[in-house]
Amino acid sequence: MSKKALVLDDQAIRRALTRIAHEIIEKNKGIEDCILVGIRTRGIYIANRLAEKIAQIEGKPIEVGELDITLYRDDLTKKTKNEEPLVKGSDIPTDIQGLKVILVDDVLYTGRTVRAGMDALMDMGRPASIQLAVLVDRGHRELPIRADYVGKNIPTSSSEKIVVELDEVDGHDEVNIFEN
């Protein structure tokens, strides 16, 4: 794969997350009864960053949880072949019953990861609502799922790949398009 284009640098990512934080607060009329839940791996870091921005704006913290969707994936047998799947576990700090859950991920593509995330959440309780926040929406949905909050829409071909790199994992922040 070769790098085709840099689509978001560190400043653009920061601006997008600031805008998403404001949109979350506005849509929910504050952060009462809200929790951010990041999908492993990069969704967790994005959720933590959103929580920091929301706390700066609102002057009070919002809870953040971590969700491992490994066992809810519909492609688990294809991905793991004859290996045992690596389950890291979820860490949701509170009962989600009746809460507004904002599910957070880095890239929205086919919608299958989000579907797995919603299934995992529903096994934990019945939230009042589930909203979706993503840094990048690249299109090509296979399921009827759309994000409530999008940092950047990046139309891609199916031969292209969006790669999100975050400081917490990769040592720097940027989003690139790669192509075969």
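Everything numeric here is computed off the predicted structure, so don't read it as measured data. Residue numbers run consecutively from 1 along every chain, following the written order of its sequence. Given that the model is predicted, a residue must reach a pLDDT of at least 70 before its local features are reported, and side-chain atom pairs must reach 80 or more before they are shown or counted; all residues, however, enter totals for whole chains, interfaces and linings. Only hydrogens and water are set aside; all other atoms, that is, all heavy atoms of the structure, feed into the side-chain values.

1. Brief notes about the UniProt feature "short sequence motif: PRPP-binding" (unreviewed entry) in the chain
So, step 1. Look at the UniProt record and you will see "short sequence motif: PRPP-binding" (unreviewed entry) annotated at residues 101-113.
So, step 2. Helical segments are the DSSP runs of H or I of at least four residues, strand segments are the runs of E of at least two, and each set is numbered from the N terminus. Between the first and last C-alpha atoms of residues 101-113 the distance is 16 Å; the span itself is 15% helix and 62% strand. UniProt positions are given in the numbering used here, feature names are shortened, and annotations may be inferred rather than shown by experiment.

2. Description of the nonpolar core
So, step 1. Among buried residues, the Ala, Val, Leu, Ile, Met, Phe, Trp, Tyr and Cys ones that are joined through side-chain atoms within 4.5 Å form a nonpolar core. Any residue under 20% of the maximum accessible area for its type is buried, any over 50% is exposed, and the rest in between are partly exposed; the area is computed with a 1.4 Å probe on protein chains only. Core analysis: the largest hydrophobic core is formed by 31 residues, its most contacted members being Leu36, Leu50, Leu135 and Val175.
So, step 2. Counting only elements with at least two residues in this core, the list comes to α1 (10-27), β2 (34-39), α2 (42-58), β4 (100-108), β5 (129-137), β7 (160-165) and β8 (174-179).
So, step 3. Here this core takes 8 residues from α1, the largest share from any one element.
So, step 4. Note on definitions: a residue-residue contact is assigned when non-hydrogen atoms from the two residues lie within 4.5 Å. Among residues more than four places away in sequence, those in contact with leucine 50 are Leu17, Ile20, Ala21, Ile24, Leu36 and Val104.
So, step 5. Of all hydrophobic cores here, the second largest spans 20 residues; its members include Ile92, Leu108, Val114 and Ala147.

3. Some remarks on the pairing of β8
So, step 1. Bridge count between strand β1 (residues 2-8) and β8: 5 bridges; the pairing is antiparallel. The residue bridging serine 2 from the neighbouring strand is glutamate 179, located in β8.
So, step 2. Two strands make a pair as long as DSSP finds a minimum of two bridges between them. The pairing of β7 with β8 spans 6 bridges and is classified as antiparallel. In the sheet register, valine 163 faces β8, and the bridge partner there is asparagine 176.

4. Looking at helix α4 (residues 112-122)
So, step 1. Turning to α4, its buried residues number three or more, namely Val114, Ala116, Gly117, Ala120 and Leu121. Each buried residue of α4 sits inside an arc of 160° when the element is viewed along its axis, so together they form one side.
So, step 2. Considering only its buried residues, α4 is in contact with β2, β3 (63-67), β4 and β5. For this quantity, the arc is that covered by the directions from the helix axis to the C-beta atoms.

5. Here's the deal with the sheet that holds β8
So, step 1. Taken together, the 3 strands give an open sheet; going across it, the order is β1-β8-β7, and neighbouring strands pair in antiparallel fashion. Edge positions in the sheet fall to β1 and β7, since each has one partner strand and no second. With direction set aside, neighbouring strand axes in the sheet form an average angle of 30°. Here an angle of 0 to 180 degrees is reported between the N-to-C directions of two axes, which are lines fitted to C-alpha atoms, with helices fitted over the stretch in contact.

6. Structural notes on the packing of aromatic side chains
So, step 1. Stacked, edge-to-face and tilted labels apply to pairs of Phe, Tyr and Trp rings (six-membered ring for Trp) whose centres lie within 6.5 Å, assigned for plane angles under 30 degrees, over 60, and everything in between, in that order. All told, the structure shown has 0 aromatic pairs when counted by the stated rule.
So, step 2. Only Lys NZ and Arg CZ are tested; either one counts as a charge over a ring when it is within 6 Å of the ring centre and within 35 degrees of the ring normal. Of note, arginine 138 hangs over the ring of tyrosine 109, and the distance from its end group to the ring centre comes to 3.9 Å.

7. Here's the deal with unusual backbone geometry
So, step 1. That bond from arginine 40 to threonine 41 is cis: its omega, 0°, falls within 30 degrees of zero.
So, step 2. Looking at where threonine 41 falls in the secondary structure, it is placed in the loop between β2 and α2.
So, step 3. Phi at aspartate 33 takes a positive value of approximately 60°, unusual for a residue other than glycine.
So, step 4. When you line up the elements, aspartate 33 lands in the loop between α1 and β2.
So, step 5. Even without being a glycine, histidine 140 presents a positive backbone phi close to 70°.

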